[in-house]
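# Examining the three-dimensional arrangement
Each chain, written out:
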Amino acid sequence: MTTPALHEIGEPRTYAGGVDVRVVRAGWFRPDAGGFFGVVPRPLWSRFVEADERGRILCRLNLLLIEAGGKRILVETGTGVRMSAKDRDIKGVEGGDPVEALRAVGEGPATIDFVVVTHLHYDHAGGMVDASGRPAFPNARYVVQRDEAEAAHGDELRVQGIMEVEQLDAVRAAGQLAEVNGEVELVPGVRVLRTGGHTRGSQAVLIGLERPGGRSGDPTGQAVLWGDLIPTRWQVPTRWTSAFDDYPIDAIEVRNELLGRAVVEGWWSYFTHDPGEMPVRIEATERGGYRTVD
Ligand SMILES: [Zn+2]
């Protein structure tokens, strides 16, 4: 299977309050299809996506570059460059370096004021540090939910070895960690929101000043980056949880609630791992569920 360009930059879009957003595609990875779709049987998911000969599907490592109130905010950091060759092969990683991806947009790592990591799995938090293990964004505050930082150092067997503890500790030691709790505004028009579900302290990013009554289709409205609560458009059906979700019942409940808000408030959707064009809109189905608008 040949893959298109490693780095691609989306057209900038502006949301309410003058918040500019660009999708920065930082490479590819190939999660195991069975893990990715969890309880959903292959005959259903294979209508949308094809698995390779190793049973993996091709997904993007998308970052968002947000500019608001004179600040630059990078959301997600990809895998970074510290994975072993064996791990990169198993997970099918190509690229994954957020600094290199930013250079493709003409931005340097020193210009980033905030780095938002939706959760501490390798494909989101690996790029918090550079090859030497030091923070890759020297002037940034790294925004992580307190619950997530605590879970990374907790004693739950389920998460042992799968959180990027080394990266978290490096950022903390450098005095650059900003632990937040719940819903927190970083700058006017950019908020993080603890969702849980996928991991204990997973967070989403809400973009655009709140404007009650905003309609879907309004390019001056609001947007959301879901993190792995909804990693691609294929998980918009609320019950299509992944086997990688630590708290699947919570994930279903919070997805249902937030997808409802996305429809009512007209949020555009960005997904960390979607290989297609973004953002997309969400609509309610006649049967009480949700789907993307094609
Ligand atoms: Zn992920």
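Structural data are supplied above this passage.
Residues numbered from 1 in each chain as written. Predicted model: local features only at pLDDT ≥ 70, side-chain atom pairs only at ≥ 80, totals over all residues. Heavy atoms only, no water.

This paragraph deals with the overall build of the chain. In terms of regular secondary structure, the chain is built from eight helices and 16 strands. By the compact-globule yardstick of 19 Å for 294 residues, the chain fits well, its C-alpha radius of gyration being 18 Å. If you line up the chain on its principal axes, its C-alpha atoms span 50 × 45 × 40 Å. In the chain, which comprises 294 residues, the proportion classed as buried is 56%. Taking all contacts inside the chain whose residues are at least 6 apart in sequence as the whole, residues at least 24 apart take part in 68%. (Helix = DSSP H or I, 4+ residues; strand = E, 2+ residues; numbered from the N terminus. Rg over C-alpha atoms; globule rule 2.2 N^0.38 Å. Buried < 20%, exposed > 50% of the residue type's maximum accessible area, 1.4 Å probe, protein only. Contact = heavy atoms within 4.5 Å.)

Going through the model one piece at a time under the given rule, you end up with nine aromatic pairs. Ring centres 5.2 Å apart and planes at 10° place the aromatic pair phenylalanine 37 and tryptophan 45 in the stacked group. Judged on exposure class, the residue phenylalanine 37 and its partner tryptophan 45 are both buried. Relative to tryptophan 240, the ring of phenylalanine 37 has its centre 6.3 Å away and its plane inclined at 85°; by these criteria the two rings are edge-to-face. (Phe/Tyr/Trp six-rings, centres within 6.5 Å; stacked < 30°, edge-to-face > 60°.)

Moving on, we get to the coordination of the zinc ion. At this site the zinc ion is bound by Asp123 (OD), His124 (NE2), Asp228 (OD) and His273 (NE2), with donor distances of 2.0 to 2.2 Å. Metal-centred angles of 81 to 160° between the four donor atoms at the zinc ion mark the site as irregular. For the zinc ion, all donor residues lie on one chain, and their spacing in sequence is D-H-x103-D-x44-H. Residue aspartate 123 is located in helix 5 (residues 122–125), and its partner aspartate 228 is located in the loop between strand 13 (223–225) and helix 8 (248–265); the two are separated by 105 residues in the primary sequence. Accessibility classification places aspartate 123 together with aspartate 228 in one group, the buried group. (Donors = N, O, S within 2.8 Å, 3.2 Å for Na, K, Ca; no water. Tetrahedral: all angles 85-135°; square planar, octahedral: opposite > 155°, others 65-115°.)

By size, the foremost hydrophobic cluster in this structure holds 43 residues, and its most contacted members are Leu64, Ile66, Val190, Val205, Ile207, Trp226 and Tyr270. Broken down by element, this core gets its largest block of residues, five residues, from helix 8. In contact with leucine 64, not counting residues within four places along its chain, are Val21, Arg22, Val23, Ile73, Leu74, Val75, Ile207, Leu225 and Tyr270. Within the second largest apolar cluster, 30 residues are counted, among which are Val99, Ala125, Tyr142 and Val144. (Core = buried A, V, L, I, M, F, W, Y, C linked by side-chain atoms within 4.5 Å.)

Attention shifts here to the pattern of salt bridges. Under the definition given, this model contains 21 salt bridges. A salt bridge links glutamate 67 to arginine 22; its shortest N-O distance comes to 3.1 Å. You can see glutamate 67 sitting in strand 4 (residues 59–68) and its partner arginine 22 sitting in strand 3 (residues 19–29), a full 45 residues away along the chain. As a salt-bridge pair, arginine 56 and aspartate 52 come within 3.0 Å of each other at their nearest N and O atoms. The two residues arginine 56 and aspartate 52 agree in class, both being buried. Among the ionic contacts, a cluster of salt bridges with common partners joins Arg22, Glu67, Arg72 and Glu107. (Salt bridge = Lys/Arg side-chain N within 4 Å of Asp/Glu carboxyl O.)

The subject of this paragraph is the side chain of glutamate 164. Take glutamate 164: it is sitting in the loop between helix 6 (146–152) and helix 7 (165–173). Of the side chains with opposite charge, lysine 91 comes closest to the buried, unpaired glutamate 164, at an N-O distance of 8.0 Å. Excluding its chain neighbours within four sequence positions, the residues that come into contact with glutamate 164 are Leu120, His121, Tyr122, Ala125 and Gly126. (Lys, Arg positive; Asp, Glu negative; His and termini not counted.)

A separate point is the pairing of strand 8 (residues 141–145). If a strand is regular, its side chains alternate between the two faces of the sheet. Counting buried residues in strand 8 gives four out of five residues, a clear majority hidden from the surface. In the sheet, strand 7 (residues 114–116) pairs with strand 8 via three bridges, with the strands oriented parallel. Across the sheet, residue phenylalanine 114 finds its bridge partner in strand 8, namely arginine 141. Of the strand pairs in this sheet, strand 8 and strand 9 (residues 177–180) are connected by four bridges, and their pairing is parallel. When the bridges of strand 9 are listed, glutamine 145 appears paired with valine 180. (Pairing = 2+ DSSP bridges.)

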